[in-house]
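Take a look at the letters that make up each chain.
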Amino acid sequence: MAAIFALRPAPMTGLRILMAALLCVALAIMVPAPRASAAGASVPIPTVVTRTSPATVVPGNTISLSFTLSGPAQEVGFTYVNEDTLEQATLYGPTSQAPGPYSAQAKVPVNGSAFKRTGRYKLLSVSVVLVSGQGSVRYGRDGNVTFLSPGLEAPTQRPGALDGVDFAVNNPNFPLVDNPNKKAPVISGVARYDQVLTTDNGSWTYPPTGFAYQWLRNGQPITGGTLNSYRVVEADLDQTLSVRVTATRAGYRAVSASSLPLTPTSPITATAPTLQGKMTVGEKLTGVFNEASVSTGTAGGPVSVKYEWVRNGTPINGATAKTYTLTAADRGAVVGFRAVVQAGNPATATRPFTAFSRTVVRNKSHTAGFDAGTSLDLFARNAAANLLLYPTDGAGRWQTAKTIGYGWDVFDLVFNAGDFNSDGFNDVIARDDAGTLFLYPGNGTGGWLPRKEIGWGWDVFDSVIAAGDFSGDGNNDLLGRTPSGALVLYPGNGVGGFRSPGAVGQGWDALNQVFSPGDFDGDGNPDVMGRDSAGNLRLYGGNGNGGWTTAKAIGTGWNVMSRIGGAGDFNGDGFNDVWAIDGSSQLNMYYGNGAGGWKGAGVVGWGWGGFTAVF
C-alpha cells in the first residue's frame, strides 16, 4: 500500500502577505500570482494608453497620447499604419530612467511630421526599449508580445487596452489621390495539387512603388499566402482560388484589384479517411482509409498509396504506418492522418487525403484514471484524514479501494488536476489553510512522487477546480473563483507551474458549486458546470481557446445533492458522466450522452456522505 504523509506548511509571513496583496491590486481583481523565480530585467508594460487629441486632427493640431508604463524605459514608440496609404509612422514618447511606474504624453504636430498625410491611422504596436541596453519588447495591438529580446522574461500581465487610440488626419495640403487600376492581375501556372501559381501585378494609372499580395480561398484570406507566388495545397482542391494585389505609392490611396478566380482540381477521387483515438499524449491513434474507393479518373495507370502522420500540417519524421502513438512533441498541436494517392508509373497525378484532429493534442485530463488505467477513478478523504482511491474497470464496476495517503486534513481543498507536470501521469493539487498550493505528482500506479509547492495566496479563492486544457495549448489549467464572483483562468505551463492568469468571467458567485466534467457537449473541449441557488445545473461550454461557447440549464432539482462533480466516463460508453451524493449518502451517477445532455442515471455506491472530500 502506497502512502504519503502530508505535513502542514509554515504560515505565510507578513512580507509574503504584503506581496500577495500588491499582486492582487496590480491585477485589478483578487487574483494570486503564480509563484515564479525572478530572472532577468522586469519588462515594462503599457498599463494605460489613451488618446488625448481629437479623433480627427488637422494642420495646427497636435497628435497626443497619454500613457503609463509599469517601469523605466529608454525609448517608447507607438507605431501606426495609415489604412488608406499603408504607410507607417511612429509616435515617440518621453522616457524615464528612474525605477518604478511613470506616466507621460507622446506628442507630435500634424504639420511637418510623419503623420502629415491625410488618412485613417490605426495603432499597430507599442515598442519599449529597456534602460542600460537590456533589450526591448514589442506589444501588438491585441496586447500579445510580438518580440522579446533574448534573456528577458515574458511579462506575466497584459497591457491595458490598445484599441481605442486610433485617429484620422485631414490635411488639405496632403490629400489622398486615387491611383485607379487599369488591368487586373492575372494568375499563371497549372491549377493542380502541389503546383506553383504566380500572379503579375496588373497595371495602374500611376506606377506603384510597392505591392502587397493576398491569396484567397473562396474569397477568404489564406494564412501565409502573402507572396506573388502560391503553391496549391490539399485544402484548395475543388475550391475557388484568386489573388488580391494592393498597389501603394507615396501620397496616393492604396488600391486593390483581384484576379479572376480559378478552381484547382485533381482527377483522383476517394472516400475521405477517418482518424480514431483520443487526442492525449501517450494514446495510440489509428488512421482508416478505404483504398478500394480510389478512382484515378482521366489519369489512369496503376495506383499507389502511402501514409504519413502530420503535425500542424508538417509530416512527422518516420510516422508512415496506419497507427501512431502521440508524444510530448505533439502537445498543443493539431495532428492528422494522411493518405497520399498517386496515379501512373511514373506518377501523372498526386492527391493527398487528410483527416485532422478536431482539437489539439493534450496532456491527460482529470477525467482520466489516476492509476495505470485510463478509466474513471474517484478519490475520497475520510474522517480520519486518510485519502482513498476508488478505481473502476472502465465498464461501470468498482475495483478494490485502497488507501493512498494519511494526514490530508491539513488541506481545505483537494482535487485531481490531470497530468499537470507532463510526465504522463495524473496528479493531485491541494491547498492548505494558509493558501499555499501543493502539487502531488502521481507515479502512474496509484502512488506518489515527491510533492512540490507551486503557489501561495490561493486562499483569496472560495473555489479552485481542475479545468483540463481550457486555454488550448495542450497543458492542463486551473480555474479559481473569488467570493465576488470573478472566474480566473490559470493556464498551466506543462511543468508544474503557471503562465499568466486572466479573468474569464464574472457573476460566478451565483453558483454554489462549480466543477469541470471534462468535455460534456462532444466538441472535444473541456466544459464547466455549476449549480445555482434554485437547484438548476448549468452547463458552460468551453471553446478550447480560453473562452466560452454557450450556457444552458441541463437539469433541475440538484439542490438535494450535497456534492456534485465530474471524474470521467464511468460506464465505458465514451462519454463523460457526472456523479452526485444525495441526502441518503448514496453515490449517484448521471450518464452523459456526449451532446450536452443525459441518457440515464443510477445509484453506484452507498455510504459516501461520511467523506470530507470527494473528487
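Small disclaimer: the values here were computed from a predicted structure and weren't measured. Residue indices follow the written sequence of each chain, beginning from 1 at its first position. Given that the model is predicted, a residue must reach a pLDDT of at least 70 before its local features are reported, and side-chain atom pairs must reach 80 or more before they are shown or counted; all residues, however, enter totals for whole chains, interfaces and linings. Remark: hydrogens and water are excluded; side-chain values derive from all non-hydrogen atoms of the structure.

**Q** Would you take a moment to explain the overall build of the protein chain for this structure?
**A** Scanning the protein chain from N- to C-terminus turns up one helix and 46 strands. Projected onto the principal axes, the alpha-carbon positions of the protein chain cover approximately 85 × 75 × 45 Å. Counting contacts in the protein chain only where the partners sit at least 6 residues apart, residues at least 24 apart contribute 53% of the total. His is not counted here, nor are the chain ends, while Lys and Arg score as positive and Asp and Glu score as negative. Lys charges are placed at NZ, Arg charges at CZ, Asp charges at CG and Glu charges at CD. Charged side chains of the protein chain number 44 positive and 44 negative; the gap between the two group centres comes to 7 Å. In this text, helices come from DSSP runs of H or I with a minimum length of four residues, and strands from runs of E with a minimum of two, each type numbered from the N-terminal end. Only heavy atoms enter the contact rule, under which two residues are in contact if any of them lie within 4.5 Å.

**Q** Is there a simple way to think about the pairing of strand β40 (residues 537–542) in this case?
**A** Regular strands place their side chains on alternate faces of the sheet. We call a residue buried when its accessible area falls under 20% of the maximum for its residue type, exposed when it is over 50%, and partly exposed in between, using a 1.4 Å probe and counting protein chains only. A large share of β40 lies buried, amounting to five of its six residues. The sheet contact formed by strand β39 (residues 527–532) and β40 spans four bridges and is antiparallel. Looking at the pairing, methionine 529 lines up with leucine 539 of β40. Here β39 hands over to β40 after four residues, with glycine 535 in that stretch at a positive phi of 90 degrees. Note: β40 against strand β41 (residues 548–555), five bridges, orientation antiparallel. In this description, strands pair whenever DSSP reports at least two bridges between them.

**Q** Would you take a moment to explain the domain arrangement of the protein chain for this structure?
**A** A common measure of how large an interface is: the accessible area buried when the components associate. On domain assignment, one finds that the protein chain holds domain 1 (46–169), domain 2 (177–258), domain 3 (269–356) and domain 4 (378–614). What fixes the domain bounds is an automatic or database domain assignment. Placing the centre of domain 1 and that of domain 4 at their C-alpha centroids yields a distance of 43 Å.

**Q** Help me understand the pairing of strand β13 (residues 196–199) in this model?
**A** Burial of β13 is one-sided: the residues Leu197 and Thr199 facing one way are buried, the residues Val196 and Thr198 facing the other way are not. Note: strand β12 (residues 187–188) against β13, two bridges, orientation antiparallel. Note that in β13 the partner of isoleucine 187 across the bridge is threonine 199. Relative to strand β17 (residues 229–231), β13 runs antiparallel, the two being bridged by three bridges. Bridge assignment links valine 196 to a residue of β17, and that residue is arginine 231.

**Q** Just to check I follow, could you spell out the sheet that holds strand β24 (residues 323–325) for this structure?
**A** Backbone hydrogen bonds hold the strands of a sheet together, and the pairing may be parallel or antiparallel. Spatial strand order, β20-β21-β24: three strands in an open sheet with antiparallel pairing. Strands at the two margins of the open sheet, each flanked by one partner only, are β20 (274–276) and β24. Each strand axis lies, on average, 20 degrees off the axis of its neighbour in the sheet, ignoring direction. Here β20 runs beside strand β21 (residues 284–288); their pairing, made up of three bridges, is antiparallel. Note on β21: the bridge partner recorded for threonine 274 is valine 288. To get an axis, fit a line to the C-alpha atoms, keeping to the stretch in contact for a helix; angles then go from 0 to 180 degrees between the N-to-C directions.

**Q** Even after reading the chapter, I still don't get the confidence of the model for the protein chain, so can you show me in this structure?
**A** The predicted structure's coordinates, where accompanied by low pLDDT, should not be read in detail. Residue-level confidence of the predictor is what pLDDT reports, using numbers from 0 through 100. Of all residues in the protein chain, 93% attain a pLDDT of 70 or more, and the chain-wide mean is 91. The model gives residues 1–40 a pLDDT under 50, and that stretch makes 79 contacts with residues more than four places away or in other chains.

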